[in-house]
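# A look at the structure
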Amino acid sequence: MAVRAVVIEADGGSRGNPGPAGYGAVVRDPETGEVLAERSESIGTATNNVAEYRGLIAGLEAAAELGAAEVEARMDSKLVVEQMCGRWQIKHPGLRPLAAQAAGLVSRFTAVRFTWVPRERNRHADALANAAMDAAASGAAPASAGKAAAREATVVRATGTDPATTPASWEPRPTEEATRLILVRHGETERTVQKRYSGRGDVPLTERGRAQARATAARVAALAPSVAAVVSSPLSRCTATAEAVAAQVGNPPVRTDDDLIECDFGVWEGHTFAEVREGWAAELDAWLASTRVAPPKGESFVTVAERTGRAVDRLRSAYPGETVVVVSHVSPIKLVLRDALAAGDAFLHRLYLDTAGISVLDLYPDGGVAVRSVNDTSHLTDV
């Protein structure tokens, strides 16, 4: 039965940008909120923006199949909404065919309105997209959820990289458009010296840690003539490091972000790896085997990745084309780098990050990512 008007909620994303990607779309009755159709698909390796456009296209196709005449398309992707409204140029060639396909679908309706919504108001489509991303990462088709999904969902197994929509790593990029993140691990503490798990405990810097912070500040100042913001985990070992950096780059206020705090290691806090192996052998093996497993009374790396991803997304949106210094801990920085490099979970256990080490990555408006350096410690030679 045809419907007069519908609301589309669409989303997409990738684990790494580019990385294993997928999208989700929901079509609702605007009066009752009833789900009329769902679409989700894992699309192999792609960027966030490619997946977002694919979600929009799937939602428009579903609305057309329902015979809708009027559509409101709601997305939490500012880029897609602004480009579809014609206010932003489509500079990336990989997005132009997708935008053209979406525009062709738009022409089939009497009226289409695009609306940006916060991510928390796009949870249904976000959940479908995340299930599709999980499927893309594992190579399995995502499971549908709910009666509407069982009736309407189109689920396709990941088919690999689409060369038409995945940007080549050698493609020239306008560096002035990137948001540059200078990722800094905090300076030395007593627990880092003793190689003890140090999560939510507020452990101060040692004297050497403070010297490392000063050396790091000088290095950051040399790397970045202009810094728009210094953002830090709220724990004092990070804020002290961040304040040293801020003093060298024009004294922007240090802003804290709870999403940058270290992983909660639960009952392992303050213990060495050997002590954890002795006391919680089975739990440690399970934790090392899966990022979905949390230490007893602690937090999984999947949860840490979700919140660090939110923090990165906020910085990309708040500081387009600017440089931001981010002072955090081992786990959040490793997870940001894992996703930036489209690496697997084994990366987390193979990458070593020194105290006060610096990593640099660029985030482009089209979803592209360029990792410039990882764990630079050249400034610590004399500390």
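Computed from a prediction, not measured in an experiment: that's the story for all the values here. (Residues numbered from 1 in each chain as written. Predicted model: local features only at pLDDT ≥ 70, side-chain atom pairs only at ≥ 80, totals over all residues. Heavy atoms only, no water.)

### Topic: empty space enclosed by the protein
- Within this structure, the stated rule accounts for 2 cavities of 30 Å³ or more.
- Sorting the residues of the lining of the largest cavity by element identifies β6 (179–185), α11 (301–318), β9 (323–328) and α12 (330–340) as the ones contributing at least two each.
- Of the residues contributing to the lining of the largest cavity, the split by class is 9 nonpolar, 2 polar and no charged.
- By volume, the second largest cavity is sized at about 40 Å³.
- Lining the second largest cavity are Leu183, Val184, Arg185, Ile333, Leu353, Gly357, Ile358, Ser359 and Asn375.
- Contributing elements (two or more residues each) for the lining of the second largest cavity: β6 and β10 (358–363).
- A total of 3 residues in the lining of the second largest cavity trace back to one element, the largest contributor, which is β6.
- Looking at side-chain class alone, the lining of the second largest cavity contains 5 nonpolar, 3 polar and 1 charged residues. (1 Å grid on protein atoms, 1.4 Å probe; cavity = no way out; pocket = protein on both sides within 12 Å on 5 of 7 lines; lining within 4 Å. Points joined across faces, edges and corners; volume = space filled by probe spheres on them. Helix = DSSP H or I, 4+ residues; strand = E, 2+ residues; numbered from the N terminus. Nonpolar A, V, L, I, M, F, W, Y, C, P; charged D, E, K, R; others polar.)

### Here's the deal with helix α1 (residues 48–65)
- Taking 1.5 Å of rise per residue, the 18 residues of α1 would be expected to cover 26 Å, and the 26 Å separating its terminal C-alpha atoms lies within 8% of that figure.
- In terms of residue burial, α1 counts as a mostly covered element, since 15 of its 18 residues are buried.
- Just downstream of α1 lies Gly67, where phi reads positive at about 80°. (Expected span 1.5 Å × (residues − 1). Buried < 20%, exposed > 50% of the residue type's maximum accessible area, 1.4 Å probe, protein only.)

### Remarks on the sheet that holds strand β8 (residues 254–256)
- Strand order across the open sheet formed by 6 strands is β8-β7-β9-β6-β10-β11, with mixed pairing between neighbours. A single partner strand is all that each edge strand has here, and the edge strands are β8 and β11 (369–376). Neighbouring strand axes in the sheet, compared pairwise and without regard to direction, differ in orientation by 20° on average.
- Bridge count for strand β7 (residues 229–232) against β8 is 3 bridges, and the pairing is parallel. Each residue of the ladder has a partner; that of Val230, found in β8, is Val254.
- The strands touched by helix α7 (residues 207–223) are β6, β9, β10 and β11; relative to β10, the strand with the most contacts, the crossing angle is about 30°. (Pairing = 2+ DSSP bridges. Axes fitted to C-alpha atoms, helices over the stretch in contact; angles between N-to-C directions. Contact = heavy atoms within 4.5 Å.)

### Comments concerning the sheet that holds strand β5 (residues 111–116)
- Spatially, 5 strands are ordered β3-β2-β1-β4-β5 in an open sheet, and the strand pairing comes out mixed. One side of each edge strand has no neighbouring strand; the edge strands of this open sheet are β3 (35–46) and β5. Along the sheet, successive strands turn relative to each other by an average axial angle of 15°, direction set aside.

### Description of the confidence of the model for the protein
- On average, residues of the protein score 88 in pLDDT, and 90% of them reach the 70 mark or higher.
- For the stretch residues 142–175, pLDDT sits under 50, and the model shows 63 contacts to residues farther than four places along the chain or on other chains. (pLDDT = per-residue confidence, 0-100.)

### Focus on the layout of surface pockets
- Taken as a whole, the second largest pocket spans an internal volume of roughly 970 Å³.
- Around the second largest pocket sit 33 residues that line it, and Arg185, Arg196, Val330, Lys334 and Tyr352 are the ones nearest its centre.
- At the level of secondary structure, the elements contributing two or more residues to the lining of the second largest pocket comprise α6 (190–193), α7, α10 (281–289), α12 and α13 (346–350).
- At 4 residues, α12 tops the list of elements feeding residues into the lining of the second largest pocket.
- For the lining of the second largest pocket, the residue count by class is 14 nonpolar, 8 polar and 11 charged.

### A word on the environment of Ile43
- Mapped onto the elements of the fold, Ile43 is located in strand β3.
- The exposure class assigned to Ile43 is buried, which follows from its relative accessible area of 7%.
- Taking the C-alpha atoms as reference points, Ile43 and Ala21, separated by 22 residues in sequence, lie 5.6 Å from one another.

### Quick notes on the packing of α11 against α12
- At a minimum axis separation of 9 Å, α11 and α12 run at an interaxial angle of 75°. Here α11 lies roughly perpendicular to α12, going by the angle between them. Of the residues in α12, those touching α11 at Phe301, Val304, Ala305, Thr308 and Val312 are Ser331, Pro332, Leu335, Val336 and Arg338.
- Residue composition of the contact of α11 with α12, by class: 7 nonpolar, 2 polar and 1 charged. (Parallel < 35°, antiparallel > 145°, perpendicular 65-115°, else oblique.)

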